[in-house]
Amino acid sequence: MIDFILQNPIFSALIALGGLSALFGAVLGFAAVKFKVEGDPIVDQIDALLPQTQCGQCGHPGCRPYAQAIADGDPINKCPPGGQATINALADLLDVEAPSLDSEHGEHSDVKKVAFIREDECIGCTKCIQACPMDAILGAAKHMHTVIVDECTGCDLCVEPCPVDCIDMIPVQTDLKTWKWDLPATNQKPVFHVVASEVNLIASDLGRGAAFDTAKATDETGKAA
Amino acid sequence: MSFSELAIILLSTVLVNNFVLAQFLGLCPFMGVSNKLESAIGMAGATTFVMTLASICTYLVDTWVLSPLGLQYLRTIAFILVIAAVVQFVKMFMEKTSPLLYRVLGVFLPLITVNCAVLGVAILNTQKAHNFFESTMYGFGGALGFAMVLVLFSAMRERLAVADVPAPFKGASIGMITAGLMALAFLGFGGLVSLQ
């Protein structure tokens, strides 16, 4: 048998390559089982419901860390940008009572706002740039700064650090560009649960800070009409 | 095999026979991933890790499987198999044990499978008939050289991106010219050490 293989190099080649492939396949298969990473799906689901403003008003460095903290037992009412709609959606997901917003972390405003820098008063100190979690402020040291409206989530974080108080939070007027579909709010019965998650997906496709748009869209479009 | 000979191999692969600038291997990631310093550092780290491991594994496969059976002509395909398996294994292992490093290296880890410097180091090892320690050192040194040049080059390209480059030279062309000048500069290391 061994003589036969040695005399027919094609067989030894086949056996060698096949053996190597089988060996590596076995090692990789073993590794796939041994080093399997269990993602925490609940954190992803919670993260999908949060508004992704990354504003840090909850005391966590961003929405994902807060989602992780909620999964570990943190209260779900620390998200002012999300407001009651987010709290209700989270309560629905986690099957707990929906508490009201913890005012310690800030107030929820129904009107979407963006920051606006009064540019002739700006001294170019870059403090608001460092504060902005979304990198929505443009500018350099000793040059005027300005806000990229599309990127701004209206989280307020730049207002406080400004030494000359030249940042205003102005409400966004509903026009053809900013109007959103009047989608049902996310705090429905469990029957609507699948629908609710789709709603959030669509809303977050429309722009950042979107989870609260579903609740807000109701009264804004009401006003617009 | 003395310590000084290993040190000479290391110095020779890092500076004199640099894989990228003297042997022109691994040019694809060299041009492709050098736009940002951060990603270059990620790529450099991942390549160093994989190249060292791959040169060890390919040496073992060559010595214990291919050579005894007289199958040296299968080296290329066997080495590709080994490298692909090593890269995949490292990816899985890293994802489990060090998620932070895994996130930093990210997409660059699987990209290394098709990095010709990794295959190059394996084939050069067999051509130069290195023993186990020499192979390991050659792979590690080559990877260090690749990492160093990639990081240096990406730092230069970050500055080139904001420099006032004449319009015809903008983008990739000035990158190529810079790479050429770097290769010229590395010629200066020629004769620093000589491998017997």
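In this text, all values refer to a predicted model and were calculated from it rather than measured experimentally. (Residues numbered from 1 in each chain as written. Chains lettered and ligands numbered in written order. Predicted model: local features only at pLDDT ≥ 70, side-chain atom pairs only at ≥ 80, totals over all residues.)

**Q** Any chance you could explain the overall build of chain A here in plain terms?
**A** Across its full length, chain A carries eight helices and four strands. Reading chain A from its N terminus to its C terminus gives the helix and strand order α-α-α-α-α-β-α-β-β-β-α-α. Put simply, 63% of the contacts in chain A that link residues at least 6 apart link residues at least 24 apart. (Helix = DSSP H or I, 4+ residues; strand = E, 2+ residues; numbered from the N terminus. Contact = placed C-beta atoms within 7 Å.)

**Q** Quick question: what am I supposed to make of the overall build of chain B here?
**A** Regarding its fold elements, chain B presents nine helices and zero strands. Going from the N terminus to the C terminus, chain B shows its helices and strands as α-α-α-α-α-α-α-α-α. Of all 196 residues assigned to chain B, the portion counted as buried reaches 41%. Taking the contacts inside chain B whose residues are at least 6 apart along the sequence as the reference set, 79% of them involve residues at least 24 apart. (Buried ≥ 20, exposed ≤ 12 C-beta atoms within 10 Å, placed from the backbone.)

**Q** What's the story with the packing of helix H3 (residues 37–66) of chain B against helix H7 (residues 116–127) of chain B in this structure? I'm lost.
**A** Think of two packed helices as two axes; the pair is described by the angle between the axes and how far apart they sit. Residues and elements named next belong to chain B. At a closest axis distance of 9 Å, the pairing of H3 and H7 adopts a crossing angle of 40°. Taken together, the axis directions place H3 and H7 in an arrangement best described as oblique. Helix-helix and strand crossings are classified by hand; for H3 and H7 the assignment is right-handed. Across the interface between the two elements, Val-50, Met-51, Ala-54, Ser-55, Thr-58, Tyr-59 and Asp-62 of H3 pack against Ala-117, Val-118, Val-121, Ala-122, Asn-125 and Thr-126 of H7. Partitioned by chemical class, the residues of the contact of H3 with H7 number eight nonpolar, four polar and one charged. (Axes fitted to C-alpha atoms, helices over the stretch in contact; angles between N-to-C directions. Parallel < 35°, antiparallel > 145°, perpendicular 65-115°, else oblique. Left-handed = near helix turned anticlockwise from the far one by under 90°. Nonpolar A, V, L, I, M, F, W, Y, C, P; charged D, E, K, R; others polar.)

**Q** Help me understand the environment of B:Arg75 in this model?
**A** Residues and elements named next belong to chain B. Position of Arg-75 relative to the elements: it lies in helix H4 (residues 75–97). For the pair Arg-75 and Asp-62, spaced 13 residues apart in the sequence, the C-alpha separation amounts to 7.3 Å. Excluding its chain neighbours within four sequence positions, the residues that come into contact with Arg-75 are Asp-62, Leu-66, Ile-123 and Thr-126.

**Q** So what exactly am I meant to see when it comes to the interface of chain A and chain B here?
**A** Often the size quoted for an interface is simply the accessible area lost on bringing the parts together. Counting residues at the interface gives 14 residues for chain A and 16 residues for chain B. A class-by-class count of the residues in the side of chain A that touches chain B yields 12 nonpolar, two polar and no charged.

**Q** Would you mind going over the nonpolar core with me for this structure?
**A** Side chains of nonpolar character tend, in soluble globular proteins, to be buried together. Membership of the largest hydrophobic core comes to 52 residues, with the highest contact counts inside it found for B:Val50, B:Ala54, B:Val82, B:Val86, B:Val118 and B:Leu150. Those elements that provide at least two residues to this core are helix H1 (3–16), H3, H4, helix H6 (108–111), H7 and helix H8 (132–162) of chain B. It is H3(B) that provides the largest number of residues to this core, a total of 12 residues. Within the second largest apolar cluster, 15 residues are counted, among which are A:Val114, A:Cys132, A:Val147 and A:Cys155. (Core = buried A, V, L, I, M, F, W, Y, C linked by C-beta atoms within 7 Å.)

**Q** How do you make sense of the confidence of the model for chain A when you look at a structure like this?
**A** Any segment with low pLDDT has predicted coordinates that should not be analysed in fine detail. Residue and element names in this part refer to chain A. Taken as a whole, chain A shows an average pLDDT of 75; of its residues, 76% reach a score of 70 or greater. Mean pLDDT across the elements of chain A bottoms out in helix H7 (residues 193–206) (43) and peaks in helix H2 (residues 9–34) (89). Per-residue pLDDT stays below 50 along residues 187–225; that stretch engages in 71 contacts with residues further than four places along the chain or on separate chains. (pLDDT = per-residue confidence, 0-100.)

**Q** Help me understand H4(B), please; the structure alone is not making it clear to me.
**A** Since there are 3.6 residues in each turn of an α-helix, residues three or four apart along the chain are aligned in direction. Relative to the 33 Å expected for 23 residues at 1.5 Å per residue, H4(B) spans 32 Å between its end C-alpha atoms, a close match to the ideal helical length. Considered for burial, the residues of H4(B) that qualify are B:Ala78, B:Phe79, B:Val82, B:Ile83, B:Ala85, B:Val86, B:Val87, B:Val90, B:Lys91, B:Met92 and B:Met94. (Expected span 1.5 Å × (residues − 1).)

**Q** How should I be thinking about unusual backbone geometry in this particular structure?
**A** Trans peptide bonds make up the majority, and among non-glycine residues the majority have a negative phi. Residue and element names in this part refer to chain A. Positive phi is not limited to glycine here, since Lys-142 has a value of about 65°. Among the residues examined, Lys-142 registers 9 C-beta atoms within 10 Å and is labelled exposed. In this structure, Asp-165 is a non-glycine residue whose phi angle is positive, near 50°. Along the chain, Asp-165 turns up in the loop between strand S3 (146–147) and strand S4 (167–171).

**Q** Can you help me understand the confidence of the model for chain B in this one?
**A** All names here are of chain B. When pLDDT is averaged across chain B, the result is 86; 96% of the residues are at 70 or more. The element-level mean pLDDT for chain B is lowest in helix H5 (residues 99–105), coming to 72, with H8 highest at 92. What the predictor reports for the complex is a pTM of 0.59 with an ipTM of 0.76.

**Q** Help me understand the environment of A:Leu49, please; the structure alone is not making it clear to me.
**A** Looking at the element boundaries, A:Leu49 is found in helix H3 (residues 41–49). Among the residues examined, A:Leu49 registers 28 C-beta atoms within 10 Å and is labelled buried.

**Q** Hey, could you run me through the environment of A:Ile117 in this one?
**A** Residues and elements named next belong to chain A. With respect to the secondary-structure elements, Ile-117 resides in strand S1 (residues 113–117). For Ile-117, a count of 20 C-beta atoms within 10 Å gives the class buried. Residues Ile-117 and Asp-165, spaced 48 residues apart in sequence, show a C-alpha to C-alpha distance of 9.1 Å. In contact with Ile-117, not counting residues within four places along its chain, are Cys-122, His-145, Thr-146, Val-147, Cys-166 and Ile-167.

**Q** It is not clear to me how the packing of H3(A) against helix H4 (residues 63–71) of chain A should be interpreted in this structure. Could you clarify?
**A** All names here are of chain A. Interhelical geometry of H3 versus H4 gives an angle of 125° and a closest axis separation of 8 Å. Considered as vectors, H3 and H4 are oriented oblique to each other. Like other packed secondary-structure pairs, H3 and H4 cross with a definite hand, here right-handed. Residue-level contacts link Ile-42, Val-43, Ile-46 and Asp-47 of H3 to Cys-63, Arg-64, Ala-67, Gln-68, Ile-70 and Ala-71 of H4. Of the residues assigned to the contact of H3 with H4, the class counts are seven nonpolar, one polar and two charged.

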